[in-house]
Every structure is written in C-alpha cells, then in structure tokens.
Amino acid sequence: MLGSFVLAAALPVPATPLAGMHYLVGTWNCTYRAGAARLAYAATYAYDRDGHTLRQIATWAGGSDEELLAYDAKRGWTVVVVDDQTATVMRGTGSDPNHFAYRSVYPDASIAVTFDRISATEYALHGTVRSGGKTITSVDTCLRGAR
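Residues numbered from 1 in each chain as written. Predicted model: local features only at pLDDT ≥ 70, side-chain atom pairs only at ≥ 80, totals over all residues. Heavy atoms only, no water.

A. Looking closely at the environment of Tyr 47. Summarising the element assignment, Tyr 47 is placed in strand S2 (residues 37-48). Overall, Tyr 47 belongs to the partly exposed group, its relative accessible area being 26%. Considered as a pair, Tyr 47 and Leu 69 are 22 residues apart in the sequence and their alpha carbons are 9.4 Å apart. If sequence neighbours within four positions are ignored, Tyr 47 has contacts with Leu 18, Ala 19, Met 21, His 22, Val 25, Thr 53 and Leu 54. Here the side chain of Tyr 47 touches Leu 18 through a polar contact of 2.6 Å, landing on its backbone oxygen. A distance of 3.1 Å separates a polar atom in the side chain of Tyr 47 from the backbone nitrogen of His 22. (Helix = DSSP H or I, 4+ residues; strand = E, 2+ residues; numbered from the N terminus. Buried < 20%, exposed > 50% of the residue type's maximum accessible area, 1.4 Å probe, protein only. Contact = heavy atoms within 4.5 Å. Polar contact = N/O pair within 3.5 Å; in protein donor to acceptor, adjacent residues only side chain to side chain.)

B. Looking closely at the state of the cysteines. Scanning the entire structure with this criterion turns up one disulfide. Paired by a disulfide, Cys 30 and Cys 142 hold their sulfur atoms 2.2 Å apart. An S-S torsion of about 120 degrees defines the bridge between Cys 30 and Cys 142 as right-handed. In this pair, Cys 30 is assigned in strand S1 (residues 26-34) and Cys 142 in strand S10 (residues 134-143), connecting sequence segments 112 residues apart. What makes Cys 142 buried here is its relative accessible area of 0%. (Disulfide = S-S within 2.5 Å.)

C. Looking closely at the packing of aromatic side chains. Under the definition given, this model contains eight aromatic pairs. Considering the side-chain rings of Tyr 23 and Trp 28, the 6.5 Å spacing of their centres and the 80 degrees angle between planes classify their relative orientation as edge-to-face. A relative accessible area of 0% means that Trp 28 is categorised as buried. Taking 4.1 Å as the distance between ring centres and 10 degrees as the angle between the ring planes, the aromatic pair formed by Trp 77 and Phe 100 counts as stacked. Residue Trp 77 is found in strand S5 (residues 76-82), and its partner Phe 100 is found in strand S7 (residues 99-106); the two are separated by 23 residues along the sequence. In terms of burial, Trp 77 and Phe 100 fall into one category: buried. Clustering of aromatic rings is evident, with ring pairs tying together Tyr 23, Trp 28, Tyr 45, Tyr 71, Trp 77, Phe 100, Tyr 102, Phe 115 and Tyr 123. (Phe/Tyr/Trp six-rings, centres within 6.5 Å; stacked < 30°, edge-to-face > 60°.)

D. Geometry of the pattern of salt bridges. In the structure shown here, the tally under the stated rule is three salt bridges. For the salt bridge of Arg 55 with Glu 66, the shortest nitrogen-to-oxygen distance reads 1.8 Å. With Arg 55 in strand S3 (residues 53-60) and Glu 66 in strand S4 (residues 63-72), the pair connects residues that are eleven residues apart, well separated along the chain. For Glu 66, a relative accessible area of 27% puts it in the partly exposed group. Look at the salt bridges and you will find they share partners, linking Asp 48, Arg 55 and Glu 66 into a network. (Salt bridge = Lys/Arg side-chain N within 4 Å of Asp/Glu carboxyl O.)

Right under this line is the structure:
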C-alpha cells in the first residue's frame, strides 16, 4: 500500500487537472466491493465538450450509469452521476488529477468518494454512503485489461 502512495506521488501533475486524466480514456474493468456485495462492471472514458468534460459510462449486468467530470480552477472538481433513478452532483477540491476527494451536494450530502491513481493501469475509488442511519464503505478497483 505504501508503494502505491509513493508511486502516485511520483506521477506527473499536468498544467490542467482534467487533461491529466487522459490516461483514463478507453475501457477499464472494475470491481465494486461493499461488505459481502461484489459487482463487476466496465467503465469507458472519453473526452466530451471540446475536452472540457471527461465522460464515463459504466455498464454492468442489468444496468448502467453515466458520469461527467469537469474541473474549474475557481470551483475545483464537479462530478455529475446520472442513472435510471436519480442524478447526483458532487464537488471536490484540490487540483491533483492523481488523487482527489469529492462529496455529494445534491440531492444531499450522503456520499463521499476519494479517487486514487495507483499506476498507469490501475485506479481505485474509496467511497462512503450514509443511508438509513448506517454508513456503507466501498472500494472500486479498476484495471486496464483482464479482471
């Protein structure tokens, strides 16, 4: 684990944080884990809106969602996640495209996520969701290539 943090610290930080996420473009094989729950999904990234937004489409057996990620120097990160039932808006601070944290602001503040680039072929999302008086902790691990 410490090696991952050292590697992430050594990764270059480009002039524009969103451009620094170019390594995500393409398809990733991911696994979501929360307690005993496990879900495999594919995440496909592409730039949109003349490179001002990074779009992720996640698909799994029986479902999908879409995520838009943008960065503004004054406001930081904005993430919008849309699925069949709802839309969630999240905001984050910092400008490092290799590690940043964001929290939901709409429809409520129940979700917190940290993005960590582990290497050129791996990243992780560490999440918490508060629901019904309980906190659910999850980890998504995403790899280029085979699951």
